[in-house]
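# Geometric and topological summary
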Amino acid sequence: MGRTNPTYRDFVGRFEDRCQPFRRALRRESKPAFDEIFEQAKQHADAAGYLNSTDPEFALLLSVLVAQQRELQVLREEVQD
């Protein structure tokens, strides 16, 4: 990604724009969760860009899964304590 491919950050922005009709159709209480998914994807932009995938949707999904897994680990540790 970068010189020959659009950057991951560019892809996430365009993908989020494409998903706006879906967001508009969500109930009010679900919209913050939708927004958080894209924030999680952006938090892993360095790793996703390093992947330089020809399929940036894969990198986006992997970024979100890593963030969700980390959050789950933190919550489990809190419950154990």
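Residues numbered from 1 in each chain as written. Predicted model: local features only at pLDDT ≥ 70, side-chain atom pairs only at ≥ 80, totals over all residues. Heavy atoms only, no water.

The protein chain is annotated in an unreviewed UniProt entry as DUF8156 domain-containing protein of Haloarcula mannanilytica.

### Structural notes on the side chain of Gln40
By the secondary structure assignment, Gln40 is in helix 3 (residues 31–43). Beyond its immediate stretch of four places on either side in the chain, Gln40 contacts Ser63, Val64, Ala67, Gln68 and Glu71. (Helix = DSSP H or I, 4+ residues; strand = E, 2+ residues; numbered from the N terminus. Contact = heavy atoms within 4.5 Å.)

### Considerations on the nonpolar core
Soluble globular proteins tend to pack their nonpolar side chains together in the buried interior. If you look at the biggest cluster of nonpolar residues, it comprises 13 residues, and the most contacted ones within it are Tyr8, Val12, Phe15, Phe38 and Leu60. Listed by contribution, the elements that provide at least two residues to this core are helix 1 (8–18), helix 3, helix 4 (45–51) and helix 5 (56–80). A per-element tally of this core places helix 1 first, with four residues. Apart from residues no more than four positions distant in its own chain, Phe15 is found in contact with Phe38, Glu57 and Leu60. (Core = buried A, V, L, I, M, F, W, Y, C linked by side-chain atoms within 4.5 Å. Buried < 20%, exposed > 50% of the residue type's maximum accessible area, 1.4 Å probe, protein only.)

### Some remarks on the side chain of Glu16
Structurally, Glu16 can be placed in helix 1. Separated by 3.2 Å, the side chains of Glu16 and Lys42 make a polar contact. Ignoring anything within four residues of it in the chain, the contact list for Glu16 reads Phe38 and Lys42. (Polar contact = N/O pair within 3.5 Å; in protein donor to acceptor, adjacent residues only side chain to side chain.)

### Quick word on a nonpolar patch on the surface
Taken together, Leu51, Phe58, Leu62, Leu65 and Val66 make up a surface patch of nonpolar side chains, about 460 Å² in accessible area. Ranked by the residues each element gives to the nonpolar patch, the list is headed by helix 5, at four residues. By secondary structure assignment, the location of Val66 is in helix 5. Judged by relative accessible area, Val66 falls into the partly exposed class, the value being 41%. (Patch = residues over 30% accessible without salt bridge, like charges linked within 9 Å, V, L, I, M, F, W, Y side chains within 5 Å. Areas by Shrake-Rupley, 256 points an atom, 1.4 Å probe, with all protein chains shown as cover. Salt bridge = Lys/Arg side-chain N within 4 Å of Asp/Glu carboxyl O.)

### Here we look at the pattern of salt bridges
Pairing is possible between side chains that carry opposite charge, provided their charged atoms lie close to one another. According to the stated counting rule, one finds four salt bridges in the structure shown. Residues Arg23 and Asp35 are paired through a salt bridge, measuring 2.7 Å at the closest nitrogen-oxygen approach. You can see Arg23 sitting in helix 2 (residues 20–25) and its partner Asp35 sitting in helix 3, a full twelve residues away along the chain. Taking relative accessible area as the criterion, Arg23 reaches 21% and is therefore assigned partly exposed. Connected through shared salt-bridge partners, Glu16, Glu39 and Lys42 make up one network.

### Side note on the environment of Ala59
Looking at where Ala59 falls in the secondary structure, it is placed in helix 5. By relative accessible area, which is 3% here, Ala59 ends up buried. Through-space distance from the C-alpha of Ala59 to that of Arg70 is 16 Å; in sequence the pair is eleven residues apart. If we ignore the near neighbours within four places in the chain, the residues touching Ala59 are Tyr8, Ala48 and Leu51.

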